[in-house]
Every structure is written in C-alpha cells, then in structure tokens.
Amino acid sequence: MKELLRSTDPTIMAFATALLEGEGIDCFQMDVNMSILEGGIGIFPRRMMVREGDYDRAIRVMQDNEIPLGK
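Summary of the structure given here. Keep in mind that what you see is a predicted model, and the values were worked out from it rather than measured.

Our focus in this paragraph is the side chain of E3. Topologically, E3 is positioned in strand β1 (residues 2–7). In this structure the side chain of E3 is engaged in a polar contact, spanning 2.8 Å, whose partner is the side chain of R6.

What follows is the structure, encoded as structure tokens:
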C-alpha cells in the first residue's frame, strides 16, 4: 500500500473515500484511532492508503477534484 493523501480534515477524507470508491479504487484510512484520541483538535493527520497498482489513477482522481494531498 502507498500513501495517497494526509489530512486532519475528516470531511476531505470522507469525500476522497467516496470519490475513490466511485472509481473502483480500494482505499484504507490509517491513524483514525489516533486522531480520535486527540479529541478532534487536529494535531494528528489521518493517512489514506491505496494499492500501488491504483496509485497513479488515484492521484489523477484527487487532482481532477482539487483535493490537496497534504504531503
């Protein structure tokens, strides 16, 4: 798996997940529990991971929808 994007904004993560799933690209959010433990103050970003074979297509989906990758 390869990191696609990183964000502290849960709405961006939800939108990105919906876009990727709509394109048939499997994705997985990491660090969700850590961001919940911090109390929602936005210190620890969540990471979205995709398969290496889907990475280039996923980048294109994010760029087409102007989603910042946060790297």
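From this point on, the discussion continues.
This part is about the sheet that holds strand β3 (residues 46–50). Ordered by their spatial adjacency, three strands build an open sheet running β1-β3-β2, and the pairing between neighbours is antiparallel. On the outer flanks of this sheet lie β1 and β2 (27–30), each paired with one strand and no other. The mean inter-strand angle of the sheet, taken between neighbouring strand axes irrespective of direction, is 25°. Strand direction decides the pairing type here: β2 and β3, joined by four bridges, are antiparallel.

This part covers the nonpolar core. Core analysis: the largest hydrophobic core is formed by 15 residues, its most contacted members being L4, L5, L20, M48, V50 and M62. Broken down by secondary-structure element, the contributors of at least two residues to this core are β1, α1 (10–22), β3 and α3 (55–64). Setting aside anything within four residues of it in sequence, one finds M48 in contact with K2, E3, L4, L5, M13, A16, T17, L20, C27, F28 and Q29.

Right, let's talk about the packing of aromatic side chains for a bit. On inspection of all chains with the given rule, the structure shows zero aromatic pairs. The lysine or arginine in question, K2, covers the ring of Y55, its NZ or CZ lying 4.3 Å from the ring centre.

With that settled, the discussion passes to the pattern of salt bridges. Once their charged atoms are close, side chains differing in charge can pair, the charge on each being opposite to the other. The full count for this structure, using the stated rule, is three salt bridges. Between E3 and R6 there is a salt bridge; the shortest N-O distance is 2.8 Å. Owing to a relative accessible area of 17%, E3 belongs among the buried residues under this scheme. R51 is paired through a salt bridge with D26; the nearest N and O atoms lie 3.0 Å apart.

This brings us to unusual backbone geometry. Within the chain, D31 stands out as a residue other than glycine whose phi angle is a positive 70°. Structurally, the position occupied by D31 is in the loop between β2 and α2 (32–37). For D31, a relative accessible area of 29% translates into the label partly exposed. Unlike most non-glycine residues, E66 shows phi in positive territory, near 55°. Within the fold, E66 resides in the segment after α3.

Conventions used here
Residues numbered from 1 in each chain as written. Predicted model: local features only at pLDDT ≥ 70, side-chain atom pairs only at ≥ 80, totals over all residues. Heavy atoms only, no water. Helix = DSSP H or I, 4+ residues; strand = E, 2+ residues; numbered from the N terminus. Polar contact = N/O pair within 3.5 Å; in protein donor to acceptor, adjacent residues only side chain to side chain. Pairing = 2+ DSSP bridges. Axes fitted to C-alpha atoms, helices over the stretch in contact; angles between N-to-C directions. Core = buried A, V, L, I, M, F, W, Y, C linked by side-chain atoms within 4.5 Å. Buried < 20%, exposed > 50% of the residue type's maximum accessible area, 1.4 Å probe, protein only. Contact = heavy atoms within 4.5 Å. Phe/Tyr/Trp six-rings, centres within 6.5 Å; stacked < 30°, edge-to-face > 60°. Lys NZ or Arg CZ within 6 Å of the ring centre and 35° of its normal. Salt bridge = Lys/Arg side-chain N within 4 Å of Asp/Glu carboxyl O.

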